[in-house]
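Residue strings, one per chain:
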2 protein chains.
Amino acid sequence: MAKDKIRRPRAETPKGFRDYFGAEVTARAAMLRRIAEVYHAYGFDALETSGVETVEALGKFLPDVDRPNEGVFAWQEDVEGSKPGDWLALRYDLTAPLARVYAQHRNDLPTPYRRYAMGPVWRNEKPGPGRFRQFYQCDADTVGAPSVAADAEICAMLADTLEAVGISRGDYIVRVNSRKVLNGVMEVAGVLDPSDPEKFAAERGIVLRAIDKLDRLGTEGVRMLLGEGRRDESGDFTKGAGLGAEQAEVVMGFMEARRDTAEATLARLRELVGGSAMGAEGVEELATIAALLDAQGMGSDRVVIDPSVVRGLGYYTGPVFEAELTFEILDEKGRPRQFGSVAGGGRYDDLVKRFTGQAVPATGVSIGVDRLLAALAAKGRGEAEAQGPVVVTVMDRDRMADYQAMASELRAAGIRAEVYLGNPKNFGNQMKYADRRGSPVAVIEGGDEKERGVVQIKDLILGAQIAKDATLEEWKDRPSQIEVPRDELVARVRGMIEGQSS
Amino acid sequence: MAKDKIRRPRAETPKGFRDYFGAEVTARAAMLRRIAEVYHAYGFDALETSGVETVEALGKFLPDVDRPNEGVFAWQEDVEGSKPGDWLALRYDLTAPLARVYAQHRNDLPTPYRRYAMGPVWRNEKPGPGRFRQFYQCDADTVGAPSVAADAEICAMLADTLEAVGISRGDYIVRVNSRKVLNGVMEVAGVLDPSDPEKFAAERGIVLRAIDKLDRLGTEGVRMLLGEGRRDESGDFTKGAGLGAEQAEVVMGFMEARRDTAEATLARLRELVGGSAMGAEGVEELATIAALLDAQGMGSDRVVIDPSVVRGLGYYTGPVFEAELTFEILDEKGRPRQFGSVAGGGRYDDLVKRFTGQAVPATGVSIGVDRLLAALAAKGRGEAEAQGPVVVTVMDRDRMADYQAMASELRAAGIRAEVYLGNPKNFGNQMKYADRRGSPVAVIEGGDEKERGVVQIKDLILGAQIAKDATLEEWKDRPSQIEVPRDELVARVRGMIEGQSS
């Protein structure tokens, strides 16, 4: 290679980022719109913060405790004079900015403040298959409401939201649990000391993460992580919480405490938390949530009390919840598996305190929009691909004005339409273009048609069918291309398109 | 101050960033949706790229040549082993990512590729009043179409878009010009040498920027910038292009070449470009554009040929266009002034070439969504503030389930509703909250009402009016609070809300 060869920039997204085209964009926009409608009906107001925050405001609340070293995209502001510039970063979720907004504007905001937010967040993580460094979140939170009625409301709203975006009842379940109950159980098992909350902190963290892996590892895997530890298929060893067999059994008993009815589950939990005051408080909160959901007609086919849900995040302090899709899809190896979690949340009472020194109760949920879109696509209930435009072909490049007038008339009648704007010389290329665009109809007007006051309209959907499998009779009966008077263009194109969907 | 005082993080957006609340968010979303509908009708497909690109891919195409030193937000990826990390940056517009996408995916995209994109962009600039470092752009571009029919289409679409978002015909004008004509005029004036395009480059840049300031500086100011230079009110001196008086007159003549009809303007331009081949080509392109717009019914009340439009960007190579709102608003000092530009664009044929080595013709427009929203608000045509929720008040905190059931019934009937979730002790606070939320109706059910099977519903809009200016008779005739049977709750609340808007 010659040294002086011009080095061209690579036309590539940065690693772990991707582009979204056409229906990928519009399907997501439509889903966000539907979610916003439900949130709005529940009294939530929109909030949009910028993508950039100060690192100081974001804090160290990176939510995934499994990967504490994974970070944010950050940079330092230019120095001005002798003052060092602030460190700025892209937001990694929508909760940290909410805490900042509430602290900043609390005197002007209603209390409680119900807000929803939707938009991209960024994580400076190693990208992997299907794992991107920018993705959408869609959150609803209530700040300043201490009552678990706020948690119950969020769970009900989550169930309504899933149905609004097209997940049928029976294909999802919202599961609710309480960190307080879990703490009570850990007290009973001796993994938590209520008189010294810092004691056993590491062990508690391991217990939390072990339970959170129930779906992935099964009960045996979790049991190993509660005890000495677990070696995975690749040979990597994960150190366990070091619980004794009896202690582990208490925790396992908690995870498996779900019964057929909320009443039975609550009764079982009361047994398990024994004399723990915090545990008892948690159980009564769950009982309140169950009663409130019942009053709103949220049956156990929609929301259930399920002690196996713990959510990984360290900052939850009370109720936690998760929405799971219960239908099976085929994984990359063709094996059926449950689709799994698409949303989660819980109560976190300390995020605003960082700024103001005062604890502010808050609870909220985050929906993984991209996973939900994938789920709908897997069920064949994705947004239909938008119809391509009617393509007005160019037979005579000196008559572009005539062609533009046709496209303009079609659009005025509500029909998506455009004139072919590539090089018109090769008519075959024009038809290939129309095909690639998914056009329903092509319009053709050469000099001869112009003189006779007619146009040709070609049914591209029928044309493709005929080319594929029509008999000669069918071909004759339903020609895919017809000649129509110029002044009937709009009506005849509309008729042709309507015929395609019937 | 004690040294060991805990330093709390500041609850602030970074300098030059801001938050958007409620109707600010939903009004923008509604506008983007309407714009997308028009773009879609014209055959454009959605594209969403990520906020982050490699600096290499973005290149040095920062669009505002007036501030070449203003930059992007950039940072370097973590080093992996011995390999230095890529430099990444936030996108500063939606055109540079489009060039990257087209170069990357050109074999899979239709040609021509019509795409629209909407989303935030970031500029690492000094923030100022009303000038933010993150703002929305909303672009439509056609890549791979050499014909000026593509430019004409964009101009027509821009006019249709402005009307679709609520700008009346007569309140805007789309102005079209051609860089080729300007180049022709500069050839005639001796500011451009067609045999040596690099000669006079600096002078040409100054001429371009001087013309672009016509709105702000008037003809005398521009004349000074074409000559020796101009000293502004603060005493700062801007060096001029150094044109002689005769040369400057040629350029001024070009800027003022607009006549009453497109034909007359084109005739005047033909005179001005004299023997310049490039100038003549530009004039014929403008003539084609005028004819195409005419065929689509775009009269001179919507789109005009206007040589005073040049657009600041260095990369335009052919037609340039700008949408201006023509009505007056009051500036910060209360003086009437024209609202000015809300969208602009033009033909740029070299952006993709950076990647592929092959010139790819492209043309497009960018709408300043935030400015357009401000314009609609100034005209009193902004999105109506969304109605607040019906607030179900809490008289008895043990009956939250009853209250949630009411809110649930109201929502099921399509009425935005919520239960008060703050501390219910002080009923006055509940009413203040409802007031702050802009609630139309409050629902009240104490123990007494519960027993009698009724609820109180309070008309908060009427209540506020009565409190303000009602006579005693009106007060008696239309009590703002009425008692209704519990099972008529939904119907009576709906009736009350409907009564408010009549």
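Residues numbered from 1 in each chain as written. Chains lettered and ligands numbered in written order. Predicted model: local features only at pLDDT ≥ 70, side-chain atom pairs only at ≥ 80, totals over all residues.

**Remarks on the overall build of chain A**
The helix and strand tally for chain A stands at 18 helices and 19 strands. On C-alpha atoms alone, chain A measures out to a radius of gyration of 30 Å, which is more than a quarter above the 23 Å that the 2.2 N^0.38 rule sets for 502 residues. A buried classification covers 45% of the 502 residues belonging to chain A. Restricting to contacts in chain A with at least 6 residues of sequence separation, those with at least 24 account for 67%. (Helix = DSSP H or I, 4+ residues; strand = E, 2+ residues; numbered from the N terminus. Rg over C-alpha atoms; globule rule 2.2 N^0.38 Å. Buried ≥ 20, exposed ≤ 12 C-beta atoms within 10 Å, placed from the backbone. Contact = placed C-beta atoms within 7 Å.)

**A look at the interface of chain A and chain B**
Accessible area lost during the coming together of the parts is what is often quoted as the interface size. Facing 77 residues of chain A, the contacting portion of chain B comprises 77 residues. Looking at the side of chain A that touches chain B element by element, the count peaks at seven residues for helix H13 (residues 400-412) of chain A. Considering only residue class, the side of chain A that touches chain B consists of 37 nonpolar, 22 polar and 18 charged. Strand direction decides the pairing type here: strand S1 (residues 20-21) of chain A and strand S2 (residues 45-48) of chain B, joined by two bridges, are antiparallel. What sits directly across from Tyr20(A), in S2(B), is Glu48(B). (Nonpolar A, V, L, I, M, F, W, Y, C, P; charged D, E, K, R; others polar. Pairing = 2+ DSSP bridges.)

**Some points on the relation of the copies chain A and chain B**
Each copy superposes on the other: chain A lies on chain B with an RMSD of 0.0 Å after a rotation of 180° and an axial shift of 0.0 Å. On the angle and the small slide along the axis, the relation comes out as a two-fold axis. Residue Trp75(A) of chain A places its C-alpha closer to the rotation axis than any other residue of that unit, at 2.9 Å. Most of the interface of chain A is mirrored in chain B, where 100% of its interface residues again form contacts. (Least-squares fit on C-alpha atoms with pLDDT ≥ 70 in both.)

**Considerations on the UniProt feature "binding site: L-histidine" (unreviewed entry) in chain A**
Residues and elements named next belong to chain A. Within this numbering scheme, the UniProt entry marks Asp93, Leu94, Thr95, Arg123, Gln137, Asp141, Arg311, Tyr315 and Tyr316 as carrying the feature "binding site: L-histidine" (unreviewed entry). Counting through the fold element by element, Gln137 comes out in strand S7 (residues 134-143). Apart from the residues lying within four places of it in its own chain, the contact partners of Gln137 are Asp93, Leu94, Val121 and Ser366. Tracing the backbone shows Asp141 in strand S7. (UniProt positions renumbered as here; feature names shortened; annotations may be inferred.)

**Some points on the confidence of the model for chain A**
Residues and elements named next belong to chain A. In this model, chain A carries a mean pLDDT of 88, and residues with pLDDT of at least 70 account for 92%. For chain A, the element scoring lowest by mean pLDDT is helix H17 (residues 472-477), at 60; strand S2 (residues 45-48) scores highest, at 97. Under a pLDDT of 50 for its full length, residues 61-69 has, in the predicted model, 17 contacts with residues more than four places off or in other chains. Model confidence for the complex: the whole-complex pTM is 0.90, and ipTM, which rates the interface, is 0.89. (pLDDT = per-residue confidence, 0-100.)

**Let's talk about the nonpolar core**
Membership of the largest hydrophobic core comes to 279 residues, with the highest contact counts inside it found for Cys155(A), Val185(A), Cys155(B) and Val185(B). Residues in contact with Val185(B), not counting those within four places in the same chain, are Val250(B), Val251(B), Phe254(B), Leu272(B), Val273(B) and Gly279(B). (Core = buried A, V, L, I, M, F, W, Y, C linked by C-beta atoms within 7 Å.)

**Section: the sheet that holds strand S19 (residues 481-485) of chain A**
All names here are of chain A. Taken in spatial order, the five strands of this open sheet run S16-S15-S17-S18-S19, and their pairing is mixed. Of all strands in the sheet, those bounded by a partner on one side alone are strand S16 (417-419) and S19. Here the average twist between neighbouring strands, direction ignored, is 25°. On top of the sheet, H13 reaches strand S15 (390-392), S16 and strand S17 (441-444); it is set at about 175° to S16, its chief contact. (Axes fitted to C-alpha atoms, helices over the stretch in contact; angles between N-to-C directions.)

**Here we look at the packing of helix H1 (residues 23-41) of chain B against helix H12 (residues 369-378) of chain B**
All names here are of chain B. Remark: H1 packs on H12, axes separated minimally by 11 Å, with the N-to-C direction vectors making an angle of 110°. Overall, the two elements H1 and H12 adopt an arrangement that is roughly perpendicular. Across the interface between the two elements, Ala27, Arg28, Met31 and Leu32 from H1 touch Val369, Leu372 and Leu373 from H12. Broken down by class, the residue content of the contact of H1 with H12 amounts to six nonpolar, no polar and one charged. (Parallel < 35°, antiparallel > 145°, perpendicular 65-115°, else oblique.)

**Points about unusual backbone geometry**
Across residues other than glycine, the phi torsion is negative in most instances, and most of the peptide bonds are trans. Between Thr111(A) and Pro112(A) the backbone carries a cis peptide bond, its omega angle lying at 0°. Tracing the backbone shows Pro112(A) in the loop between helix H3 (95-105) and strand S6 (113-122).

**Considerations on the domain arrangement of chain A**
According to the domain assignment, chain A contains domain 1 (23-378) and domain 2 (390-501). Once you take the C-alpha centre of each, domain 1 of chain A and domain 2 of chain A turn out to be 53 Å apart. (Domains from an automatic or database assignment.)

**Remarks on the pairing of strand S8 (residues 172-178) of chain A**
Residue and element names in this part refer to chain A. When you tally the buried positions in S8, you get six out of seven residues, the bulk of the element. Where S8 and strand S11 (residues 303-305) come together, three bridges link them in parallel fashion. What sits directly across from Val174, in S11, is Val303.

**Structural notes on helix H6 (residues 201-212) of chain B**
Residue and element names in this part refer to chain B. Between its first and last C-alpha atoms H6 spans 17 Å; for 12 residues at 1.5 Å apiece the expected length is 16 Å, and the two agree. All of the buried residues along H6 are Ile206, Val207, Leu208, Ala210, Ile211 and Asp212. Tucked into the core, H6 has its buried residues touching helix H5 (179-188), helix H7 (214-226) and helix H8 (245-255). (Expected span 1.5 Å × (residues − 1).)

**Considerations on H7(B)**
All names here are of chain B. Taking 1.5 Å per residue as the helical rise, H7 with its 13 residues ought to reach 18 Å, whereas the 12 Å between its terminal C-alpha atoms falls clearly short. Of all the bends in H7, the largest measures some 75° and sits at Glu220. Considered for burial, the residues of H7 that qualify are Val222, Arg223, Leu225 and Leu226. Looking at the buried positions of H7, the neighbouring elements they touch are H6, strand S9 (229-231), strand S10 (237-239) and H8. (Bend = angle between axes of the 7 residues up to and from the residue.)

**Here we look at the sheet that holds strand S17 (residues 441-444) of chain B**
Residues and elements named next belong to chain B. One open sheet accounts for five strands, arranged S16-S15-S17-S18-S19; its pairing is mixed. If you trace the sheet from one side to the other, it starts and ends with strand S16 (417-419) and strand S19 (481-485), each paired once. Geometrically, the sheet is characterised by an average inter-axis angle of 25° between neighbouring strands, direction not taken into account. The strands touched by helix H18 (residues 489-501) within the sheet are strand S15 (390-392), S17, strand S18 (454-459) and S19, with S18 carrying the most contacts at an inclination of about 10°.

**Topic: the environment of Thr326(A)**
All names here are of chain A. For Thr326, the position within the fold is in strand S12 (residues 319-330). The exposure class of Thr326 is exposed, given the 12 C-beta atoms found within 10 Å. Sequence-wise, Thr326 and Gln338 are 12 residues apart; in three dimensions their C-alpha atoms are separated by 5.8 Å. Setting aside residues up to four positions removed in sequence, Thr326 forms contacts with Asp171, Tyr172, Ile173 and Gln338.

**Here we look at the environment of Glu263(B)**
Residue and element names in this part refer to chain B. Checked against the element boundaries, Glu263 lands in helix H9 (residues 262-273). Judged by the 12 C-beta atoms lying within 10 Å of it, Glu263 falls in the exposed class. For the pair Glu263 and Ala149, spaced 114 residues apart in sequence, the C-alpha separation works out to 18 Å.

**Describing the pairing of strand S14 (residues 362-367) of chain A**
Residues and elements named next belong to chain A. Burial analysis of S14 places five of its six residues in the buried class, which makes it a mostly covered element. Strand direction decides the pairing type here: S7 and S14, joined by six bridges, are antiparallel. Each bridged residue has a counterpart across the sheet, and for Cys138 the counterpart in S14 is Ile367. As judged from the five bridges shared by strand S13 (residues 336-347) and S14, these two strands associate in the antiparallel manner.

**Quick notes on the environment of Leu94(B)**
All names here are of chain B. Considering the arrangement of structural elements, one finds Leu94 in the loop between strand S5 (87-90) and helix H3 (95-105). Judged by C-beta crowding, with 25 C-beta atoms within 10 Å, Leu94 ranks as buried. Once the C-alpha coordinates of Leu94 and Thr288 are considered, the two residues, 194 residues apart in sequence, prove to be 28 Å apart. Residue contacts for Leu94: discarding those within four places in its chain leaves Ala117, Val121, Gln137, Asp139 and Ser366.

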